[in-house]
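So the chains spell out like this:
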Amino acid sequence: MSLTNASPVDAAQAAKSASHILATLPASARNDALTAIHSGLTAARDEILAANARDLELARQAASNGELSQSLVARLDLNKKGKWEDMLKGILDVRDLEDPVGKVTLRTKLDDNLDLERVTCPIGVLLIIFEARPEVIANIASLAVKSGNAAILKGGKESTESFIAISKVISQALEQTQVPNGAVQLVTTRDVIPQLLGLDRYIDLVIPRGGNELVRYIKSSTKIPVLGHADGLCSIYLEESADAKLAAGVLVDSKTTYPAACNSVETLLVQESALATLLPVAAEALIAKGVTLHCDDKSKDALTSKLSGADKFIVDAQDADYDTEFLSLDLAVKTVSGIEDAIIHINTHGSKHTDAILTSSQELAERFMSAIDAAGVYWNAPTRLADGMRYGFGTEVGISTNKIHSRGPVGLEGLMIYKYKIRGAGQLTANYGEGEGQKRFKHERLPL
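In every chain, residue numbers begin from 1 and rise along the written sequence. It should be noted that, the model being predicted, local features are given only for residues of pLDDT at least 70 and side-chain atom pairs only at 80 or more, the latter also being counted only at that level, while totals for whole chains, interfaces and linings use all residues. Only hydrogens and water are removed before side-chain values are computed, so all heavy atoms of the structure are retained for them.

Examining the pairing of strand 4 (residues 125-130)
- Among the six residues of strand 4, six are classified as buried, and the element is accordingly described as predominantly covered.
- Throughout this description, buried means an accessible area under 20% of the type-specific maximum (1.4 Å probe, protein chains only), exposed means over 50%, and partly exposed covers the range between. Strands here mean DSSP runs of E at least two residues long; helices mean DSSP runs of H or I at least four residues long; both are numbered from the N terminus. Side chains of strand 4 alternate between two faces, with Val125, Leu127 and Ile129 and Leu126, Ile128 and Phe130 buried alike.
- When DSSP finds at least two bridges between two strands, those strands are taken to pair. Across six bridges, strand 4 lies against strand 5 (residues 150-155) in parallel orientation. For Leu126, the partnering residue across the bridge sits in strand 5 and is Ala151.
- For the handedness criterion, the strands are oriented away from the viewer, and a crossover whose path from the first strand over the helix to the second runs clockwise is classed as right-handed. A crossover connection joins strand 4 to the parallel strand 5 through helix 6 (residues 135-147); in handedness this β-α-β unit is right-handed.
- Note: strand 4 against strand 7 (residues 205-209), five bridges, orientation parallel. Residue pairing for strand 7: Phe130 is matched across the bridge by Arg209.

Overview of the layout of surface pockets
- Of the volumes computed, that of the largest pocket is approximately 1,000 Å³.
- Both cavities and pockets are sets of points on a 1 Å grid over the protein atoms alone; in a cavity a 1.4 Å probe fits but cannot get out, in a pocket the set is open with protein on both sides within 12 Å along at least five of seven lines, and lining residues sit with an atom within 4 Å of a point. If you go around the largest pocket, you meet 48 residues; those closest to its centre are Arg133, Glu135, Arg209, Tyr258 and Ala261.
- When contributions to the lining of the largest pocket are tallied by element, the ones reaching two or more residues are helix 4 (70-76), helix 5 (83-95), helix 6, strand 7, helix 9 (212-219), helix 15 (388-391) and strand 15 (398-400).
- Residues were grouped as follows: Ala, Val, Leu, Ile, Met, Phe, Trp, Tyr, Cys and Pro as nonpolar; Asp, Glu, Lys and Arg as charged; and all remaining residues, including Gly, as polar. When its residues are assigned to classes, the lining of the largest pocket shows 16 nonpolar, 16 polar and 16 charged.
- Where each domain starts and ends comes from a domain assignment, either automatic or drawn from a database. The residues that make up the lining of the largest pocket include at least three from each of domain 1 (8-220) and domain 2 (234-391). Grid points are joined across faces, edges and corners, and a volume is the space filled by probe spheres set on the points.

Written as structure tokens, this is what we have:
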């Protein structure tokens, strides 16, 4: 990885050239590079966390002045909730995954000595623009190297110290390997995002990692395909047959383990017939963790009649709450008549990220998971499971709500496309067709 203050065009051209080399390296060379990165970061732990602490101090001051959100500060902390350990583990997990490059996914015999293959290959050059989250550098570098893609990274100013420290270590590690340093570049020049977004000749995919304001800006400012999500407005539907203890556990996990995460639940839809039975149990567990419930009239009445001393955690919901990604210990609660009402609400107000149903009915669960238009749909499971590491992808470049190519947590497979190869013996297209004297293609499916 090179720290570069080169012009955006020069950086993109260097990445394009490096991508052609990286795509042809054997898996062993790419894996060796990941081992070197892991070793380098492990050895430099104290130095990197010290740099991160300096970023955090400035970010907390900015947050106290109203210049940064608390959720962004939480994302910046590299030493929180095992984030450092997860980052390092993700590098080795990616290294140990099957090589995604050059896998034959289709073979067809067009004619004798004329065979067609579809083979996986890297996308090319990735541009990753991110806020906070310094671990993104290691995540992206690992996935890019393993998948044979070059990557250009542009981080936000709030994590400058952290990502420079990490980048220096990764750069030194790559110098010992066959992976060209230009294959992963951290752009340090300020105010170059508009220029980078205009380089569709060299950059093949943009991956934004940050808040919805950043993602929406990028999607509206480039011709380059964008992979990602603008909002993480996740919902859970509590159906009357759900197990009360299970439901409370899933809701607490979904809301409180990391409220600032995009896979944290933001809306709880409660079947009206479950207001007096299941909701109080779930609400009591959530309030015990400090969650404020933004309730509609029916759910508020059900809770105030059952729970004493919880008034300060139960507030009146506003219409906007059901379209809000709180990223905090706040949860919108809405009463629905049944599953169809829940499905309509989620498909109308959700962000197509991750949604779940809590029920003991397999029939209702399957109907919900088929009908919800989202990248992830779960039954009796927390929305926080939407994560590349938890899916077994090693790590992820982000979570996509796109309707093409990759959806959900995007790992190695999501960074691959494919090309078609034909091996022939001089056959001419003019000789094939339905006319007199012409040959027909055989189109015989061959084993992989």
